[in-house]
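Given next are the chains, with one letter for each unit.
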Amino acid sequence: MSPSAPSPSRARPWPLVAAAAACLISFAAFWVAQRAAHVNMLDVMVYRAEAETLRAGGDLYAMRATSANLAMTYPPFAAVLFLPLTLVGVPLMRTLSTAGNLLLVVALVQLSLQLVRPVLASPARRADLWRTTLWVAAVVVWCEPVWTTLRYGQINLLVAVAVLWDLTRREGSRWAGLGIGLATAVKLTPGLFVVLLLVAGVLLWRRDRGVNQWLRTALTATGVFLVTTLAMVVALPADSKTFWTRTLFETGRVGHAEETANQSLSGVLARLMHTDAPGLWWLAAAVLLGGAAMVLAVRAAVRGDKAVAVVVTAFTALMVSPISWSHHWVWCVPLLILLYDRHARAWPVTGVVAVAFASFALWWVPHDPGRPELDQNAGQMLLSAVYPLTATAVFAGYALTVWRTRRPEAAEASREPVAVREPQAVAKE
């Protein structure tokens, strides 16, 4: 080796340093842009009010906070989780919330990469994993769901990281299921991952006649959720009764279904029908689409494609929930990584989906005040349905891929010679 040539040990860190610098610059610019936009961080203020109400012994579900008069919509355990927010002043709380969410962006990207490419989790590929993580995080922080999550100080990134942490654990990990169980105890929609784990686990158990990681994770998540919820019943009996018997069914306290920020099937149908209560139409659509999508997710899980199973389940939960605000769609991050990794035309397809989540198109239509979403025209309806339409296209594309791959398999099976058994003599006993 020439004396002037850099050694591999000295040359390798530079790409990682460049990625770290790019991520730091992007995050700093993001922080400045958020402050310039005068973000109100409304939701983290509500979380703080919930924790203060809990400390004061008040009624969690009678509480109203901020100028928007917002109420608590999560199970009682969420208020316990938010108690640390009361230990610092509001300015510091906002700063810590933003910094924490930026770190969670990095964690979400890294776990998504490990989900899609498990080999990156090996010690030999650790530098590659971090380099890719930092480059991707520098870009995805600017997509609308992430921007809006930080704008409101929401917990969506925390929930997604908790779920993916479970689903990227090594085989046999005793902790897998803890994150999903706790996430479901805070916000019920992650419970659909328990359904995926349980169904896939049972099917694999029937096939292999042995307990598998899917089933173990499902049982752990269920146990953690039940223990946490029952602990709240004991510690906060009145609030638990209120939530599980009344608040859970009051979807209207979250917001109006037709709001353009509601990117679920319910929101699309409400705007399409010019009503705030799509009722049975939403229920029928949710059952049909949700059932079909979960069949695809379970099929992927049984065939060993965990990444597809997880992403399809996440988007199914977002679609069928009565309310899925745009900031709930931070699951676009693992979707984009999956599409780029798997699709034959990676750049065009990933680029189109990325534009959908980075364009802020849903905010181009008239929205609050006055509920103008009830009078949208066809073009406005398309823009305000950008996330559900993208998710539906992804589902349809994957279903078409499955159908195309099954046709050659079926044709090959039909061409295989059928073994003809020769007649055998039957001995009399």
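Residues numbered from 1 in each chain as written. Predicted model: local features only at pLDDT ≥ 70, side-chain atom pairs only at ≥ 80, totals over all residues. Heavy atoms only, no water.

**Q** I'm lost on helix H14 (residues 280-302) in this one. Help?
**A** Helical geometry note: an α-helix holds 3.6 residues per turn, so side chains three or four residues apart project in the same direction. The end-to-end C-alpha separation of H14 is 32 Å, in line with the 33 Å expected for 23 residues at 1.5 Å each. Those residues of H14 that fall on the buried side of the exposure criterion are Trp 282, Ala 286, Gly 290, Ala 293, Met 294, Leu 296, Ala 297, Val 298, Ala 300 and Ala 301. One or two steps after H14, the chain reaches Gly 304, where phi turns positive at roughly 90°. (Helix = DSSP H or I, 4+ residues; strand = E, 2+ residues; numbered from the N terminus. Expected span 1.5 Å × (residues − 1). Buried < 20%, exposed > 50% of the residue type's maximum accessible area, 1.4 Å probe, protein only.)

**Q** Help me out: how do you make sense of helix H7 (residues 144-152) in this one?
**A** Counted residue by residue, H7 has eight buried out of nine residues, so it is predominantly covered. Buried within H7 we find Glu 144, Pro 145, Val 146, Trp 147, Thr 148, Thr 149, Leu 150 and Tyr 152. Where H7 ends, the next residue or the one after it, Gly 153, has phi of about 70°, a positive value.

**Q** For this particular structure, what's the right way to read unusual backbone geometry?
**A** Of all residues except glycine, most have a negative phi; of all peptide bonds, most are trans. The backbone of Met 41 shows a phi angle near 50°, a positive value even though the residue is not glycine. Assignment of secondary structure puts Met 41 in the loop between helix H2 (13-36) and helix H3 (42-56). Unusually for a residue other than glycine, Phe 360 sits at a positive phi of about 60°. Turning to its location among the elements, Phe 360 is positioned in the loop between helix H17 (346-358) and helix H18 (378-383). Judged by relative accessible area, Phe 360 falls into the partly exposed class, the value being 25%.

**Q** Can you help me understand empty space enclosed by the protein in this one?
**A** If you roll a probe as big as a water molecule over the atoms, it shows you where there is empty space left. Applying the stated criterion to the full structure yields one cavity of 30 Å³ or more. The calculated volume of the largest cavity comes to roughly 40 Å³. Surrounding the largest cavity, Pro 75, Pro 76, Phe 77, Ala 185, Thr 228, Thr 229, Met 232 and Trp 244 form its lining. Counting residues per element, the ones that place at least two in the lining of the largest cavity are helix H4 (76-81) and helix H11 (213-235). If you tally residues by element for the lining of the largest cavity, the top one is H11, at three residues. Here the residues of the lining of the largest cavity are counted per class, giving six nonpolar, two polar and no charged. (1 Å grid on protein atoms, 1.4 Å probe; cavity = no way out; pocket = protein on both sides within 12 Å on 5 of 7 lines; lining within 4 Å. Points joined across faces, edges and corners; volume = space filled by probe spheres on them. Nonpolar A, V, L, I, M, F, W, Y, C, P; charged D, E, K, R; others polar.)

**Q** What is the right way to read the environment of Ala 200 from this model?
**A** Tracing the backbone through its elements, the reader meets Ala 200 in helix H10 (residues 191-208). Sequence-distant contacts of Ala 200, that is, excluding residues within four places in its chain, are made with Trp 214, Val 298, Ala 301 and Val 302. (Contact = heavy atoms within 4.5 Å.)

**Q** So what exactly am I meant to see when it comes to the packing of helix H9 (residues 178-186) against H11 here?
**A** Orientation of H9 relative to H11, taken along the N-to-C sense of each, is 40°, at an axis distance of 7 Å. It follows from the interaxial angle that H9 and H11 lie oblique. Every pair of crossing elements has a handedness; the one defined by H9 and H11 is right-handed. Mapping the contact onto sequence places Leu 178, Ile 180, Gly 181, Leu 182, Thr 184 and Ala 185 in H9 and Thr 220, Ala 221, Val 224, Phe 225 and Thr 228 in H11. In terms of residue class, the contact of H9 with H11 is built from seven nonpolar, four polar and no charged. (Axes fitted to C-alpha atoms, helices over the stretch in contact; angles between N-to-C directions. Parallel < 35°, antiparallel > 145°, perpendicular 65-115°, else oblique. Left-handed = near helix turned anticlockwise from the far one by under 90°.)

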